[in-house]
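# Structural description and commentary
So the chains spell out like this:
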Amino acid sequence: MIQKKILVIMGSPRKGNTYRACEELRGAMEKELAVEFEYLWLADADLLPCRGCGACFVNGEDRCPIRDDAALIVQKMQEADGVVFASPVYGMNVTGQMKIFIDRLSYTFHRPQFFEKKALLLATAGMLGHGDVLKYLGMVARQWGFEVAGSAGLVTPDPLPPHRASKNREMITRAAADFAGALRRPARRSPGLWDVVMFHGQRAAFSNMESVFPADHRYWTEKGWFGRDARYFVDVPVNPLYHAIGIFVGWLSTRQMRKDLLAEGGGP
Ligand SMILES: Cc1cc2nc3c(=O)[nH]c(=O)nc-3n(C[C@H](O)[C@H](O)[C@H](O)COP(=O)(O)O)c2cc1C
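Quantities reported herein were computed from a predicted structural model and do not represent experimental measurements. (Residues numbered from 1 in each chain as written. Predicted model: local features only at pLDDT ≥ 70, side-chain atom pairs only at ≥ 80, totals over all residues.)

Helix and strand content of the protein: 10 helices and 5 strands. Dimensions along the principal axes, computed over C-alpha positions, put the protein at roughly 65 × 40 × 35 Å. The 268 residues of the protein split such that 37% are buried. Excluding contacts between residues fewer than 6 apart, the proportion of contacts in the protein whose partners are at least 24 apart in sequence is 79%. (Helix = DSSP H or I, 4+ residues; strand = E, 2+ residues; numbered from the N terminus. Buried ≥ 20, exposed ≤ 12 C-beta atoms within 10 Å, placed from the backbone. Contact = placed C-beta atoms within 7 Å.)

Here it is as structure tokens:
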């Protein structure tokens, strides 16, 4: 049986509830298929906060002035079949470690690259905020190119009452089945309306803003995403209605951008 590589991007700084939940997930997945879990502890990684220079957006990620493990982390994600984005809720959002990681890879919002990968989202909370964290992590993963294949938002008060423990277990079992199903399936699911709209919106932006974002323009050109026939980042069936809405959004964005660029240039 082929073993699937799973990389856990761990946003918790300690081996606590989030780690235990990931280990439960591993146990549940092992019943479904052969998996190898690797933990990437962001708190221990050599990953410094973004300095905001924008060099990655404008000139490419290889121009980032920070020399640390960011590129190595991307390589690890590329080598995995599936990635688990795991974070406790801190102050109603992801942890600082997870946010630094997302900020450092922000150029991927412009130049998505993880189309072959499946993602699972996992959040733990003392009481609330896990829904918002899952929503945020889901948006990030989708924008980076992942197919989001499952999620689990767990409430983990201390001590953990039995009804919570069994509800969490149920959620992990369901998420493991969804994730395993997606990992077994080589084909990618068709994109949703939001994904198609984002594709056309970004396409309009980057085709009109070569001077502002040359690296993005280059990347999109190389990938063929500016081509007339391009319907999405990857060659999958796209719902014709979503496509029509996407084209309309692209047209609107282009019109707005041209107006803005003209206004900036002092035009009428
Ligand atoms: C600094 C900090 C901030 C937190 N903020 C929240 C919060 O906003 N909402 C919440 O429900 N729980 C919050 N918690 C509780 C954690 O989300 C919860 O205990 C989580 O399961 C911890 O995961 P861990 O054991 O993997 O560190 C917070 C905990 C810490 C340490």
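That was the structure; now back to the text.
The next thing to look at is the site of the ligand. Near the ligand there are 18 residues, and of these Ser12, Gly16, Thr18, Pro88 and Gly126 occur at the shortest range. Where the shell around the ligand is concerned, the elements lending two or more residues are helix H1 (17-30) and strand E4 (118-125). Considering every element that reaches the shell around the ligand, the biggest residue donor is H1, with 3 residues. Among the residues making up the shell around the ligand, the classes are represented as 8 nonpolar, 9 polar and 1 charged. (Near = placed C-beta within 6 Å. Nonpolar A, V, L, I, M, F, W, Y, C, P; charged D, E, K, R; others polar.)

Read across the open sheet, the 5 strands follow the order E2-E1-E3-E4-E5; overall the sheet is parallel. The sheet is open, and its two edges are formed by strand E2 (35-41) and strand E5 (147-155), each paired on a single side. Neighbour-to-neighbour, the strand axes of this sheet turn through a mean angle of 20°, independent of strand direction. Pairing geometry for strand E3 (residues 82-88) and E4, over 7 bridges, is parallel. Residue pairing for E4: Ser87 is matched across the bridge by Ala123. In this fold helix H3 (residues 70-79) packs onto strand E1 (4-10), E2 and E3, with an angle of close to 145° to the strand it touches most, E1. (Pairing = 2+ DSSP bridges. Axes fitted to C-alpha atoms, helices over the stretch in contact; angles between N-to-C directions.)

Moving on to the nonpolar core. Ranked by internal contacts, the top residues of the largest apolar core, which has 56 residues, are Ile9, Val84, Leu121 and Leu122. Ranked by residues supplied to this core, first place goes to helix H7 (residues 162-184) with 8 residues. Non-local contacts of Leu122, meaning those with residues more than four positions away in its chain, are made with Ala21, Cys22, Leu25, Val84, Ala86 and Ala152. (Core = buried A, V, L, I, M, F, W, Y, C linked by C-beta atoms within 7 Å.)

Looking now at the domain arrangement of the protein. Its domain assignment divides the protein into domain 1 (4-184) and domain 2 (193-264). Computed from C-alpha atoms alone, the centre-to-centre distance between domain 1 and domain 2 is 28 Å. At the junction of the two partners, domain 1 supplies 11 residues and domain 2 supplies 9 residues. At the level of elements, helix H2 (55-59) and helix H6 (130-143) are the ones that each hand at least two residues to the side of domain 1 that touches domain 2. Examining the composition of the side of domain 1 that touches domain 2, we find that 3 residues originate from one element, H2, more than from any other. (Domains from an automatic or database assignment.)

Now for the pairing of E5. Buried residues dominate E5, accounting for 9 of its 9 residues. Of the pairings in the sheet, the one linking E4 to E5 comprises 8 bridges and is parallel in character. Directly across from Ala125, in E5, lies its bridge partner Val155. In this region the chain leaves E4, passes through H6 and returns to the parallel neighbour E5; the handedness of that crossover is right-handed. (Right-handed = clockwise from strand over helix to strand, strands pointing away.)

Time to look at the pairing of E2. Summarising the sheet, E1 and E2 pair through 7 bridges and their orientation is parallel. For Leu7, the partnering residue across the bridge sits in E2 and is Glu38. Each parallel crossover has a hand, and the one from E1 via H1 to E2 is right-handed.

Each turn of an α-helix holds 3.6 residues, which means side chains three or four residues apart point in the same direction. Its 14 residues give H1 an end-to-end C-alpha distance of 20 Å, which sits within 8% of 20 Å, the value for a rise of 1.5 Å per residue. The complete set of buried residues in H1 reads Asn17, Thr18, Ala21, Cys22, Glu24, Leu25 and Met29. Buried residues along H1 cover an arc of 160° about the axis, so they all sit on one side. Where the residues of H1 are buried, they touch E1, E2, E3, E4, E5 and H7. (Expected span 1.5 Å × (residues − 1). Arc of directions from axis to C-beta.)

A word on the packing of H1 against H7. In the contact formed by H1 and H7, the axes pass within 9 Å of each other and the chain directions differ by 55°. One way to sum up the angle between H1 and H7 is to call them oblique. As for how H1 packs across H7, the hand of that crossing is right-handed. Between H1, through Ala21, Glu24, Leu25, Ala28 and Met29, and H7, the contact on the second element is made entirely by Ile172, Thr173, Ala175, Ala176, Phe179 and Ala180. Tallied by class, the residues present in the contact of H1 with H7 amount to 9 nonpolar, 1 polar and 1 charged. (Parallel < 35°, antiparallel > 145°, perpendicular 65-115°, else oblique. Left-handed = near helix turned anticlockwise from the far one by under 90°.)

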